[in-house]
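Chain by chain, the residues:
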Amino acid sequence: MSLDMSISWRSKQPKQKRCDRCELYYSEFLDKCTHCSDLNEAQLLMLKAKHQESLKHNAKLGKYLFIAAAVIGVLLFVSFLW
Ligand SMILES: [Zn+2]
């Protein structure tokens, strides 16, 4: 791939900027956030709480996947020994 091609490919990627209000990412071509621009303060708090909850959920899921991978690794190791 030539340098020109990679630059034009990169410029086509949508750029994201972080919203100061709800801390979610949205396209920098938009002048207002798509997540919270039409929310009032109470709805914004709910959105933030939901976002935090999903972050926590993902962290928990990652931990479970890691444990599952470790268990499978041990089982494979044991079956290999026997
Ligand atoms: Zn926002």
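Rules and cut-offs
- Residues numbered from 1 in each chain as written.
- Predicted model: local features only at pLDDT ≥ 70, side-chain atom pairs only at ≥ 80, totals over all residues.
- Heavy atoms only, no water.
- Helix = DSSP H or I, 4+ residues; strand = E, 2+ residues; numbered from the N terminus.
- Buried < 20%, exposed > 50% of the residue type's maximum accessible area, 1.4 Å probe, protein only.
- Contact = heavy atoms within 4.5 Å.
- Donors = N, O, S within 2.8 Å, 3.2 Å for Na, K, Ca; no water.
- Core = buried A, V, L, I, M, F, W, Y, C linked by side-chain atoms within 4.5 Å.
- UniProt positions renumbered as here; feature names shortened; annotations may be inferred.
- Salt bridge = Lys/Arg side-chain N within 4 Å of Asp/Glu carboxyl O.

(A) Structural view of the overall build of the protein. A count of helices and strands for the protein gives 2 helices and 2 strands. Secondary structure elements of the protein occur, N-terminal to C-terminal, as α-β-β-α. For the protein, the residues scored as buried account for 11% of the 82 residues in total. For the protein, the proportion of contacts with a sequence separation of at least 24, taken over those separated by at least 6, is 9%.

(B) Examining the coordination of the zinc ion more closely. At 2.2 to 2.3 Å from the zinc ion lie its protein donor atoms, namely Cys19 (SG), Cys22 (SG), Cys33 (SG) and Cys36 (SG). Each donor residue of the zinc ion lies on one chain, and together they are spaced C-x2-C-x10-C-x2-C. Here cysteine 19, found in the loop between strand 1 (16-18) and strand 2 (25-27), pairs with cysteine 36, found in the loop between strand 2 and helix 2 (41-81); they are 17 residues apart in sequence, far enough to count as distant. For cysteine 36, a relative accessible area of 2% puts it in the buried group.

(C) Broad picture of the nonpolar core. Core analysis: the largest hydrophobic core is formed by 7 residues, namely Cys19, Cys22, Leu24, Tyr26, Cys33, Cys36 and Leu44. Ignoring anything within four residues of it in the chain, the contact list for cysteine 22 reads Cys33, His35, Cys36, Leu44, Leu47 and Lys48.

(D) Quick look at the UniProt feature "transmembrane region" (unreviewed entry) in the protein. Here, the residues flagged by UniProt with the feature "transmembrane region" (unreviewed entry) are residues 64-81. The span residues 64-81 shows a helical share of 100% and a strand share of 0%, and its end C-alpha atoms are spaced 26 Å apart.

(E) The pattern of salt bridges, seen in detail. Within the structure shown, the criterion is met by 2 salt bridges. The residue arginine 21 makes a salt bridge to glutamate 41 at a minimum N-O spacing of 3.3 Å. Placement of arginine 21 in the loop between strand 1 and strand 2 and of glutamate 41 in helix 2 is noted, with a sequence separation of 20 residues between them. A salt bridge links lysine 56 to glutamate 53; the shortest N-O distance between them is 3.7 Å. One end of the pair, lysine 56, and the other, glutamate 53, are both in helix 2, 3 residues apart, so they sit about a helical turn from each other.

(F) Fine view of the side chain of serine 27. Within the secondary structure, serine 27 sits in strand 2. Serine 27 gets classed as buried once you look at its relative accessible area, which sits at 19%. Sequence-distant contacts of serine 27, that is, excluding residues within four places in its chain, are made with Lys15, Gln16 and Lys17.

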